Amino acid sequence: MTEKRLKTGSDLTWRDMEVGNIVTEAGNACVRKTGDWRTERPILDKEKCTKCALCWIYCPDAAIKPSEEGYYEADLHYCKGCGICANICPVGAITMTEEGEK
Amino acid sequence: MSKRVGLEASFAAAEAARMANVDVIAAYPITPQTHIPERLAEMVADGELNAAYIPVESEHSALSACLGAAAVGARTFTATAGQGLELMHEVVYIASSMRYPVVMAVSNRALSAPLSVWGDHSDAMAVRDTGWIQVFCQNNQEVFDMTLWAFRVGEDSRVLLPVMVHFDGFHLSHVTEPVFLPEQEEVDRFLPRFQYPFALDPDKPMTHGAFGPPDIYSEAKVAQEVAFRKSKDVIIQGFKEFGDIFGRYYNLVEPYRTEGAKVLLLTMGSFGETAKIAIDTKKNKGESVGLISLRLWRPFPFRELRQAVKNAETLIVFDRCISFGGPGGPVYSEIRSALYNEKKRPKVVSLIGGLGGRDMSVEDFEYVIDRGQRIAEEGSKELFETVGIRGKVTGIRG
């Protein structure tokens, strides 16, 4: 299965612009990278994580998704780095790290 | 069969909106536009027009309400003048950028200060670059005709742009002239139902008015500019279709007795009618003069204008607005720029008058032609001259 190519605005030419820049399909943010302006990203410590899913519930952009092992991790294509997940985590399993750092 | 009735331009515009069977009108009354919303509100109240009339608290709200109506696919009309158009200003840009084909009648009015309710083109020039299709009318028949035509062109699926119909405050808005009103059947034939392809619909969700970060804004604006310039083809087609049904054919640039004329006068709006008499008078004296009335102001008709003036030696452009600190009257400035790269071009002279409702008589236009010729021959240190100004002016230099 090939992964759907993620487009950013910089892939579009002026000819691709819809009349009035209308977005004609609902929910199409999932095919675009909307998190590339993030300055901090959440790092999950799986040792501490209790899989309580609070971060998944609180994420305002639905960027946190459950993994096959049952952890909840941010999809960095969409995560804006707001830090709500790190703040809400009851066991301190999520820390915010500046982009560019390991 | 059309019928001939006496109508002031405001009522002609309202009548055109009624016959276009508009769905939504949102307007705020302001002199000299007041009679338009007043008459339309009366039509709606009396059941002559099945439309929603939205009374609003300002012009900013008036155009905003129109945008909302257009977004669900309603045929939408508004009207304003002078300060009202200024108060609308930010929404004026949004209408064209979001490609909502609102039609707006503008009874052209001077801008404060000093406070003036009377006519000139300062309000129109302030919205010159807003991306609306803009036409100027010479008489009340044209106000009716252009308003109908505006819906036809703006709503065309190849265009989807708002249209402003400019006509001079008081000189037309409050003056009664004979106007031919067509049959409803003819109007319906000319103007199909508005089918907006992107109408907001809960069953087919989409986003209007998303924001544009730096990596997409340039593409959005260039796409808008290309679409705007391409609308000229539909504008011309619209005039042709209008003529075929109603018998009155219009051009982007209207020449009057210009054959072989060495000196051309160019005006926009109702002053063209007065200037025609000055042209007739001078022709009778054997002078080689003619008149150009610029109908389409945006998108600017470069090719048609160049064609119309290419054989003239002198082109006198008469403006009803000052472009403060600029190269001359705003229309003059555009026209001189349009001709700059032409190998053969007339000398272009800027004269300004009729500001804030000051009348321009036939004799005044004879003076404009004489004085314009003199400036073309002898040159002038001043960038433009103001007709009838009291006191010698020497401070307008480049």
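Structure: see above.
Residues numbered from 1 in each chain as written. Chains lettered and ligands numbered in written order. Predicted model: local features only at pLDDT ≥ 70, side-chain atom pairs only at ≥ 80, totals over all residues.

## Here we look at the overall build of chain B
Per the secondary structure count, chain B includes 13 helices and 15 strands. In terms of overall dimensions, chain B is globule-like: its C-alpha atoms have a radius of gyration of 21 Å, near the 21 Å expected for 398 residues. On the principal axes, the C-alpha backbone points of chain B span a range of 70 × 55 × 40 Å. Burial statistics for chain B: of 398 residues in total, 48% are counted as buried. Look at the contacts in chain B between residues 6 or more apart in sequence, and 79% of them connect residues 24 or more apart. (Helix = DSSP H or I, 4+ residues; strand = E, 2+ residues; numbered from the N terminus. Rg over C-alpha atoms; globule rule 2.2 N^0.38 Å. Buried ≥ 20, exposed ≤ 12 C-beta atoms within 10 Å, placed from the backbone. Contact = placed C-beta atoms within 7 Å.)

## Remarks on the sheet that holds strand E5 (residues 103-108) of chain B
All names here are of chain B. Judged by pairing direction, the sheet is mixed, and its seven strands sit side by side in the order E3-E2-E4-E5-E7-E6-E12 without closing on themselves. In this open sheet, the two strands that pair with only one neighbour each are strand E3 (52-55) and strand E12 (296-298). Within the sheet, the average angular offset between the axes of one strand and its neighbour, ignoring direction, is 20 degrees. Two strands pair when backbone bridges link them, and strand E4 (residues 76-80) and E5 are joined in this way by four bridges, in the parallel orientation. Paired with Thr 80 across the bridge in E5 is Val 106. Of the strands in this sheet, strand E2 (24-27), E3 and E4 touch helix H3 (residues 59-71), which is tilted by about 165 degrees from E4. (Pairing = 2+ DSSP bridges. Axes fitted to C-alpha atoms, helices over the stretch in contact; angles between N-to-C directions.)

## Here we look at helix H12 (residues 330-339) of chain B
For the α-helix, the turn length of 3.6 residues means that residues three or four positions removed from each other point alike. Where H12 of chain B is concerned, the buried positions are Pro 330, Val 331, Tyr 332, Glu 334, Ile 335 and Arg 336 of chain B. On its buried face, H12 of chain B is in contact with helix H6 (122-126), strand E10 (263-267), strand E11 (289-294), helix H11 (302-309), strand E13 (314-319) and strand E14 (347-352) of chain B.

## Things to note about the nonpolar core
Residues and elements named next belong to chain B. Ranked by size, the top nonpolar core spans 112 residues in total, and within it Val 165 and Ile 316 carry the most contacts. Of the domains in this structure, domain 1 (3-246) and domain 2 (253-386) are the two that each give at least three residues to this core. Apart from residues no more than four positions distant in its own chain, Val 165 is found in contact with Val 103, Ala 105, Val 106, Val 135, Cys 137, Val 143, Met 146, Thr 147 and Ala 150. (Core = buried A, V, L, I, M, F, W, Y, C linked by C-beta atoms within 7 Å. Domains from an automatic or database assignment.)

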